[in-house]
Amino acid sequence: MPQLKQAHAQTVACGLAHNSFALSRILDFCADPHHGSITHAYKLFQHIPDPTICICNTMIKAFSLRNQLKNSVLVYSNMLQNGMYPDNYTLPYLLKVCARLQTCCVGESVHGHCLKLGFVFDIFVGNSLILMYCGFNKLKDARYVFDEIPRLSAVSWTVMISGYAKVGDVNTARLFFDVAPVKDRGIWGAIISGYVQNNRFKEGLYMFRLMMQSTDIEPDEAIFVSILCSCANLGALDTGIWIHTYLDRLGLPLSVRLVTSMIDMYCKCGDFECAKKLFDGLSQRDTTCWNAMISGMAIHGDGEGALKLFSEMEDAGVKPDDITFITLFSSCSYSGMVSEGLRILDRMCNVYSIQPKSEHYGCLVNLLSTTGHFEEAKEIILRIPDSSFASEEAVAWRALLRACCDHGQMQLAEAAAERLMQLQSHSGAYTLLANLYAAAGKHDDAERVRNVMKSKRVDKAPGCSSVSINGMVHDFISGKKTQFGIVHDCYALCSLNMMSFFGA
């Protein structure tokens, strides 16, 4: 900035104080988040008597980069009041600002300006409109803009696929993918991540295999992260190892995000030693990376190791987030460390000023109830704020009900089930209570609960598990039989023998 101010003084001395190009370059430098000064930029902007549209665009972009979004809208409003018209650079900047502000009414007003000025058919403006409406989950409006654009780009298709996947309509997202005329890396990545985000991990893995088999597209980091997530949730260790080997073969430097995904995959697939080796080899670790390793220790029942790693995280100066404490409470729950869990709760609230969420309450209730502290668990639930959603309170009551059933606490289980049924009609509460009555020999009560389920048409979801055999992932769903009498439901399309396809 000191050198920039010298250069600015030079332009003034040379008579270029009002030269639009020189001023726009100075403002552009000031807008840089790393070495600029938005305060200096705005002071300079206010002293320009007749700013051009280029200078106004620079200021809108500058405020956007510095997360001063309302100031971006203010600059645009002043433009209009001064009789200036936006161009096809102004509008995309502003539409992105509206999406980040989550102000749909302002975004719709800007859309009206796009229509009046004839920019709605511009591909950059159109894509920004689609992106904004997808950000508001208004897919009908996004589809309207999409259909109005005369010449669509790959970005248009990618944004629509991601938008439908975001609201859970992955089937429509797949239809858009199928009819896209050209499928680049972005479109493939959108459909793969869409499946993964909606917990349809096998379809995500299948699309990855299809991309590798039928195209020359090199996967990027985002695609690898999505696939590693699928491997972690399916227990597809063979595929995860293949991806790790493939990345090593490429010789590319691995980002913290990618290594964190591999750590999570190895932990959930049972290879804790490989996860620990990757973690120890990282020179820089962010909060997500520490969370993955602490969670891995929790999964493998090493509660003391998880708490020790948390202490190392604090010593390294990395600030924990709410997910960190969820993993710590889970660690304490797995290992039955009640006092340590309550101490962690105190640090979360009083040291890091993190307010407990439903997941925290659920883990704490599980910790207390599984160790026999049922009344304390009930008190924790009663501390949940009244402003919380019913679904958040239900998480804690469900944890208490499950523990009561495991320990035969009939009276408290009935109270928990009654409250849970008031909050939401969920088959789990009825099933747990019916099983508890049956185990206690109260078959009439068990039958009564099952009849209530039938009268309220509460269906019990069938049990499901998956297994990976030679790189092929199979689903086994209770109640479905093949001609051979085997109870399972297997997706043949999602056979993922990655090792044999790519070569071990």
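Given the structure is predicted, the values throughout are model-derived calculations rather than measurements.

Draft legend 1. Main features of the overall build of the protein. Tallying secondary structure elements over the protein gives 28 helices and two strands in all. Sequence separation of at least 24 residues holds for 57% of the intrachain contacts in the protein that already meet a minimum separation of 6. Surface exposure of the protein reaches about 25,500 Å², of which carbon and sulfur atoms provide 52%.

Draft legend 2. Expanded view of the packing of helix α16 (residues 256-268) against helix α17 (residues 272-280). The geometry of α16 relative to α17 is characterised by a closest axis approach of 7 Å and an angle of 160° between their N-to-C directions. In terms of orientation, α16 lies roughly antiparallel with respect to α17. Two packed elements cross with a definite hand, and for α16 against α17 that hand is left-handed. Contacts between α16 and α17 pair Val-259, Met-262, Ile-263, Tyr-266 and Cys-267 from the former with Phe-272, Cys-274, Ala-275, Leu-278 and Phe-279 from the latter.

Draft legend 3. Quick peek at the packing of helix α21 (residues 338-350) against helix α22 (residues 358-370). In the contact formed by α21 and α22, the axes pass within 10 Å of each other and the chain directions differ by 155°. Taken as axis vectors, α21 and α22 run roughly antiparallel relative to one another. Crossing handedness for the pair α21 and α22: left-handed. In contact with Val-338, Gly-341, Leu-345 and Met-348 of α21, α22 contributes His-360, Leu-364, Leu-367 and Leu-368. Per-class residue counts for the contact of α21 with α22 are six nonpolar, two polar and no charged.

Draft legend 4. Region of the structure containing the pattern of salt bridges. Per the stated rule, a full pass over the model turns up 11 salt bridges. Here Glu-314 ties to Arg-347 by a salt bridge, and the two come within 2.7 Å at their closest N and O atoms. Taken as a pair, Glu-314 in helix α19 (residues 303-315) and Arg-347 in helix α21 lie far apart in primary sequence, 33 residues in all. When its relative accessible area of 23% is taken as the criterion, Glu-314 is described as partly exposed. When its relative accessible area of 25% is taken as the criterion, Arg-347 is described as partly exposed. Connected via shared salt-bridge partners are Glu-108, Lys-138 and Asp-141.

Draft legend 5. Spatial organisation of the UniProt feature "repeat: PPR" (unreviewed entry) in the protein. In the numbering used here, UniProt assigns the "repeat: PPR" (unreviewed entry) feature to residues 184-219 and 286-320. A distance of 10 Å separates the end C-alpha atoms of residues 184-219, which is 75% helix and 0% strand. Secondary structure across residues 286-320 comprises 74% helix and 0% strand; the distance between its end C-alpha atoms is 10 Å.

Draft legend 6. Region of the structure containing the packing of aromatic side chains. Applying the stated criterion across every chain, the model contains 14 aromatic pairs. Ring geometry for Tyr-42 against Phe-45: centres 6.4 Å apart, planes inclined by 20°, an arrangement best described as stacked. Placement of both Tyr-42 and Phe-45 in helix α3 (residues 38-46) is noted, with a separation of three residues, approximately one turn of the helix. Given the relative accessible area of 29%, Tyr-42 is considered partly exposed. By the ring-pair criterion, three or more aromatic residues cluster together here, those being Phe-146, Trp-157, Tyr-164 and Phe-176. Residue placement shows Arg-285 over the ring face of Phe-279; its charged tip is 4.2 Å from the ring centre.

Draft legend 7. Looking closely at the layout of surface pockets. Approximately 490 Å³ is the volume found for the largest pocket. Together, 24 residues line the largest pocket, and Val-225, Cys-229, Ser-261, Asp-264 and Thr-288 are the ones closest to its centre.

Conventions used here
Residues numbered from 1 in each chain as written. Predicted model: local features only at pLDDT ≥ 70, side-chain atom pairs only at ≥ 80, totals over all residues. Heavy atoms only, no water. Helix = DSSP H or I, 4+ residues; strand = E, 2+ residues; numbered from the N terminus. Contact = heavy atoms within 4.5 Å. Areas by Shrake-Rupley, 256 points an atom, 1.4 Å probe, with all protein chains shown as cover. Axes fitted to C-alpha atoms, helices over the stretch in contact; angles between N-to-C directions. Parallel < 35°, antiparallel > 145°, perpendicular 65-115°, else oblique. Left-handed = near helix turned anticlockwise from the far one by under 90°. Nonpolar A, V, L, I, M, F, W, Y, C, P; charged D, E, K, R; others polar. Salt bridge = Lys/Arg side-chain N within 4 Å of Asp/Glu carboxyl O. Buried < 20%, exposed > 50% of the residue type's maximum accessible area, 1.4 Å probe, protein only. UniProt positions renumbered as here; feature names shortened; annotations may be inferred. Phe/Tyr/Trp six-rings, centres within 6.5 Å; stacked < 30°, edge-to-face > 60°. Lys NZ or Arg CZ within 6 Å of the ring centre and 35° of its normal. 1 Å grid on protein atoms, 1.4 Å probe; cavity = no way out; pocket = protein on both sides within 12 Å on 5 of 7 lines; lining within 4 Å. Points joined across faces, edges and corners; volume = space filled by probe spheres on them.

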